[in-house]
Amino acid sequence: MTSQLRQRDFLGAGDPGFLDDLYRRFIDDPHAVPRDVAKEFAALLEEFARAGTDKATFWRTHGHRFALLRSFAGPPEPPPAGQDHPLAAAYSGSIGWEFMHVEDAQRRTWIALQAESLRGGPSGAEQAFILDLLTRAEKFERGLQLRFPGEKRFGLEGAEGYLVLCETIVRTSASLGVGNVVIGGMHRGRLNILAHLMMKPVREIIAELTGQTLQAFDGLPFAADVPYHNGYSTDRLIDGRRVHLSILPHPSHLSIVAPVALGKTRGLQDRLAKEADAVLPLVMHTDAAFAGQGVISEMLQLSALPPFTVGGAIHLVLNNNIGFTTDPDEGRSTHYCTDIAKAYGIPVIHVNGDDPDAVFRAANVAAEYRARFRSDIVVDFQTYRRRGHNELDEPRFTQPLLYAAVDQRASVATLYAEHVAKDGRVEGLSDRSGDYAEHIAEEAKAAAAGVSNTVTAFADHWSGFHRGSEKELTSFTPTGVSLAALREAGRSLTTLPDGFAIDPKVVRFLEDRRQSIEQGRGITWATAEALAFATLADEGFSVRLGGQDTVRGAFAHRHFVVHDQNNGRRHPVLPPSQDGRGEVGVFNTPLAEYSVVAFEYGYSLASPNTLVCWEAQFGDFLNIAQAVMDQFIACGEERWLRSSGLVLLLPHGLDGGGPDHSTARPERLLNACANGNMEVINASTPAQYFHLLRRQMLRRFRKPLALLAPKMLLRSRSCVSTLEELGPGTGFRSVLAENVTGARRVILCSGKIYFELWEERGRRELQNEIALVRVEQLYPLAGDDVRAAIAPHPGAELLWCEEEPANMGAFLVLRSALESAVGRQIRHVGRPAAGSPAVGDHARHEQERHRLLAEALTL
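Being a predicted model, the structure only gives us computed values, none of them experimental.

### So, the packing of helix 13 (residues 294-302) against helix 23 (residues 593-606)
Part 1: Interaxial distance between helix 13 and helix 23 falls to 8 Å at its minimum, and their mutual angle equals 65°. Between helix 13 and helix 23 lies a crossing of right-handed hand. Contacts between helix 13 and helix 23 pair Val-295, Glu-298, Met-299 and Leu-302 from the former with Glu-593, Tyr-594, Ser-595 and Val-596 from the latter.
Part 2: In terms of residue class, the contact of helix 13 with helix 23 is built from five nonpolar, one polar and two charged.

### Description of unusual backbone geometry
Among all residues save glycine, negative phi is the norm, and among peptide bonds the norm is trans.
Part 1: At the junction of Tyr-779 and Pro-780, the peptide bond is cis and its omega measures out at -10° in the coordinates.
Part 2: Phi at Met-199 is positive, roughly 60°, even though this residue is not glycine.
Part 3: With respect to the element layout, Met-199 can be found in the loop between helix 9 (190-196) and helix 10 (202-209).
Part 4: Residues other than glycine seldom take positive phi values, yet Leu-641 does so here, at roughly 60°.
Part 5: Tracing the chain through its elements places Leu-641 in the loop between helix 25 (636-640) and strand 16 (647-651).

### Quick notes on helix 22 (residues 525-538)
Part 1: For helix 22, which comprises 14 residues, the first-to-last C-alpha distance of 20 Å matches the rise-based estimate of 20 Å (1.5 Å per residue) to within 8%.
Part 2: Burial of helix 22 is extensive: 13 of the 14 residues sit out of reach of the surface.
Part 3: Once helix 22 ends, the next one or two residues include Gly-540, with phi positive near 100°.

### Here we look at the sheet that holds strand 14 (residues 584-588)
Strands in a sheet are paired, the pairing made by backbone hydrogen bonds, and the direction either parallel or antiparallel.
Part 1: Spatial ordering of the open sheet is given by 14-11-15-16-18-17-22, a layout of seven strands whose pairing is mixed. Single-partner strands in this sheet number two, and they are strand 14 and strand 22 (777-779). Ignoring strand direction, the axes of neighbouring strands in this sheet form an average angle of 20°.
Part 2: Here two bridges tie strand 17 (residues 679-681) to strand 22, and the two strands are oriented antiparallel to one another. In the strand pairing of strand 22, Ile-681 is matched with Gln-777.
Part 3: Each of strand 11 (542-547), strand 14, strand 15 (610-615) and strand 16 touches helix 23; the most contacted strand, strand 15, lies at about 170° to it.

### Overview of the side chain of Glu-600
Part 1: If you trace the backbone, Glu-600 turns up in helix 23.
Part 2: Ignoring any residue separated from it by four or fewer positions in sequence, one finds Glu-600 in contact with Phe-308, Arg-544, Phe-587, Val-612 and Leu-646.

### Digging into empty space enclosed by the protein
Part 1: For the coordinates displayed, the defined rule picks out ten cavities of 30 Å³ or more.
Part 2: Of the voids in this model, the largest cavity is the one considered here, and its volume is about 140 Å³.
Part 3: It is strand 23 (residues 797-805) that provides the largest number of residues to the lining of the largest cavity, a total of five residues.
Part 4: Broken down by class, the residue content of the lining of the largest cavity amounts to seven nonpolar, five polar and four charged.

### Focus on the pattern of salt bridges
Charged atoms that come close allow side chains of opposite charge to pair.
Part 1: The tally for this structure, following the rule as stated, stands at 48 salt bridges.
Part 2: Between Arg-203 and Glu-443 there is a salt bridge whose closest N-O contact spans 2.8 Å. Of the two residues, Arg-203 is situated in helix 10 and Glu-443 in helix 18 (residues 436-448); the sequence distance between them amounts to 240 residues.
Part 3: One salt-bridge network, held together by shared partners, links Lys-752, Glu-756, Glu-803, Glu-846 and Arg-849.

### Brief notes about the packing of aromatic side chains
Part 1: Applying the stated criterion to the full structure yields 20 aromatic pairs.
Part 2: The interplanar angle of 25° and the centroid separation of 6.4 Å between the aromatic rings of Tyr-91 and Phe-99 together place this pair among those described as stacked. With respect to class, Tyr-91 is no different from Phe-99; both count as buried.
Part 3: With centroids separated by 5.7 Å and ring planes inclined at 65°, the aromatic side chains of Phe-618 and Phe-621 adopt a geometry described as edge-to-face. Summarising the burial analysis for this pair, Phe-618 and Phe-621 share the class buried.
Part 4: Ring pairing ties together the aromatic residues Phe-58, Trp-59 and Phe-66, which thus form one cluster.
Part 5: A cation over a ring is seen here: Arg-171 above Phe-129, with NZ or CZ 4.6 Å from the ring centre.
Part 6: The positively charged end of Arg-544 is found above the aromatic ring belonging to Tyr-603, 4.5 Å away from the centroid.

### Re the sheet that holds strand 24 (residues 827-831)
Part 1: Pairing is mixed across the open sheet formed by five strands, whose spatial order is 19-21-20-23-24. Each edge of the open sheet carries a strand with a single partner, namely strand 19 (735-737) and strand 24. With direction set aside, neighbouring strand axes in the sheet form an average angle of 25°.
Part 2: Of the strands in this sheet, strand 20 (745-749), strand 21 (770-775) and strand 23 are in contact with helix 28 (residues 753-764), which crosses strand 21 at around 170°.

### A closer look at the pairing of strand 16
Part 1: Most of strand 16 sits inside the fold, with five of its five residues counted as buried.
Part 2: Note that strand 15 and strand 16 share three bridges and pair parallel. Bridge pairing links Trp-614 to Leu-648 in strand 16.
Part 3: Where strand 16 meets strand 18 (residues 705-709), five bridges bridge the pair, whose relative direction is parallel. Bridging from a neighbouring strand, Leu-650 pairs with Leu-708 of strand 18.

### What to know about helix 29 (residues 783-790)
Part 1: When we look at burial in helix 29, the residues that qualify are Gly-783, Val-786, Ala-789 and Ile-790. The buried side chains of helix 29 occupy one side of the element, clustering within an arc of 125° when seen end-on. Residues of helix 29 that are exposed and angled more than 90 degrees away from the buried face: Asp-784 and Ala-788.
Part 2: Where helix 29 is buried, its residues contact strand 19, strand 20, strand 21, strand 23 and helix 30 (811-822).

Cut-offs applied
The residue count restarts for each chain, going from 1 along the sequence in the order it is written. Only residues with pLDDT of at least 70 are given local features in this predicted model, and only at 80 or more are side-chain atom pairs given and counted; all residues enter the totals for whole chains, interfaces and linings. Only hydrogens and water are set aside when side-chain values are computed; all heavy atoms of the structure are taken into account. The axes used here are C-alpha line fits, helices contributing only the stretch in contact, and every angle between their N-to-C directions lies in the interval 0 to 180 degrees. Each helix is a run of H or I in the DSSP string that is no shorter than four residues. Each strand is a run of E no shorter than two, and both are numbered from the N terminus. Left-handed describes a crossing whose near helix is turned anticlockwise from the far helix by less than a right angle; the clockwise case is right-handed. Residues are treated as being in contact if the distance between any of their heavy atoms lies within 4.5 Å. In this classification, the charged set is Asp, Glu, Lys and Arg, the nonpolar set is Ala, Val, Leu, Ile, Met, Phe, Trp, Tyr, Cys and Pro, and all remaining amino acids, among them Gly, are polar. Take the number of residues in a helix, subtract one, and multiply by 1.5 Å to get its expected span. Per-residue accessibility, obtained with a 1.4 Å probe over protein chains only, is compared with the maximum for each type, and a residue is labelled buried under 20%, exposed over 50%, and partly exposed between these values. Any two strands with at least two DSSP-identified bridges between them are counted as paired. Cavity means a closed set of points on a 1 Å grid over the protein atoms alone, one where a 1.4 Å probe fits but cannot get out, pocket means an open set with protein on both sides within 12 Å along at least 5 of 7 lines, and lining means a residue has an atom within 4 Å of a point. Grid points are joined across faces, edges and corners, and a volume is the space filled by probe spheres set on the points. We count a salt bridge whenever a side-chain nitrogen from Lys or Arg sits within 4 Å of a carboxyl oxygen from Asp or Glu. A pair of aromatic rings is counted whenever rings of Phe, Tyr or Trp (Trp by its six-membered ring) have centres within 6.5 Å, and the orientation is called stacked for planes under 30 degrees apart, edge-to-face for over 60 and tilted otherwise. A ring has a charge above it when a Lys NZ or an Arg CZ is no more than 6 Å from the ring centre and no more than 35 degrees off the ring normal. This arc is taken over the directions from the axis of the helix to the C-beta atoms.

Below you can see the structure in the form of structure tokens.
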């Protein structure tokens, strides 16, 4: 576009920097530039908005196909005959600009200006810095390879220019106002990134490679992880600006950390109450993962939705052009690994990793684009792996021709040193290698002598929190609220603006809620939840609740937002944030459990004083996010010392609705539990739910909570609480026992089945013969409370009754702990083992239910 602008009389010689400044001012305010200039720019925007077939449009649309993106792979295909044009030089170099799919004309024009201007290359001083960085990166890898020849470390060899990309983005972003950078990384090049971007002492990295695993602060149980998965945080001073960088730990499950990083970014933005552009998410991917992992599409789908926006993320794809041993034509159906981004209107900058000057330029454009438009951008860093998938892998088994070319390729640092020597702008070039190799050797000696590597999980915004023991998890915590405060919250929850016309059924819903609170009886599950949120907000805690159909409630039980039937206006029943009052956000989410759960987990890492809840439409839907549960939620505390208070609301209970709508898979949840890592609870009353939600915030530790939430009980007249059960001195109780003694049989159970047993027992008039004990907290099991609950019934037969098949359900996992707690065997009553969680025929379901109740209650 600059070549066209130079033809405009009003621009004179058309200095690229001058043009860019004019255009930036015009985008911000069309009246800030002379009228004739604004007119010309507006004409150009209109031109870009129209599709064209001229040569300029050809190069802007297709030029990236002819860019030299892989130096050692040979030149790209030549452009079609007749497409010679001055723009060819701008689009067929070491950067491929892919942006014409972006719908917004201003953004397209801005990128075209960057592509077609002469600005953006490094100065002599910047070239010197780049060469130093490349040299250090290469010597770092050589030093580690020399000392650990048989150790997997997923080195950066071949892609050392990736550090130039990361460092330049951080530096440019800092100059644009970014004070925090949240990095979601990968294992490729992780140690080099830790050493040179994060400034982690090399001796600590070497110590971890030699088996000196990090020691947990205060002796907390700590499994640790391999060095190339570990996270790190640091403060850097960049051109006089303090910038905090944190790189999240990650598992080998590729790309799962990406939405976690975005969630942490949003949590940090909300907690700091800063503009989005003050916190930058820098998300790192590999080519095979970006193209192949479905979570990438889910993550990008979230990017423009208000509950998930982060002011734009910069996605960096370290493109090895191979996934382990899988070539691109075996791993994707698209031309580029980044083509999924085009579906969401995200521009992509492809850059040759062997051209550090081009990498520097691409990095600057990416940082400026994100800052200006607060929108995502992708940089596809085209490179290769010098050693294969890892240092123990032999890539020549499967890619002999590729690695014959790699073997002949000089390192990036060597090539750039030759380039800089020819350029002649860097003085003292012969001294640039320095003594970095000696520094590596000194750091190795220091590591061998012993490194202080004790870490703490509770610093900064986690200060004042602690790990939380199993004993604390089963201890009683008072969480009640004064009756006056509850009634005041109730009035706020049921008061609508004047003239607001809502559906008559919702009117009755709100009226019933108001009466139950005023009269102090008949408190439903949804009302208890609303009171918990409202009182927490009054105490300064924020609340974030999201899920599919969550605002109304999947079972039409919640109605946190009501709609005017005449004009569609929306009114949130929870009052807005005020001074000293927490923010309450309730929102619907896309049908994307994997990315949403990962995002919410990330949010919880950054905001311990926010009650973060995700609700599954049905509990079984957590299966789609099982990797998040296995790789972060269940193990994050023990693996990386990362605490989370994420609440998973999982509708649960067999009711004839078929296999997919019946169970939250308690056996899977419980199998993930150990060392007090999380809580699994099947609460049976609204009061218990109220106290659970408040307990999450009032304790001085944070644990993930998987709550088996009810479905049929949401409207059951039996499943209600009194206001006094929410009042002063009350709290969640791990076990609920009846006030009877001397029963012949004690039935231990959990959740909805209690109410069915209670009703059937009443019909059989066995209240004095059979006692029912509700085990509300499944993990950690409160063994003392279970033992106390059965103590009034010495000699009674003990059985556990549950709805699930014998190879599923809680008892499968809890049996040993239960029997150990009570000191004798417990008989199981449930459905026969099955491959499916429930039957699909309602009549058959009822037959099974009656048979189960009869077996449990027949003496």
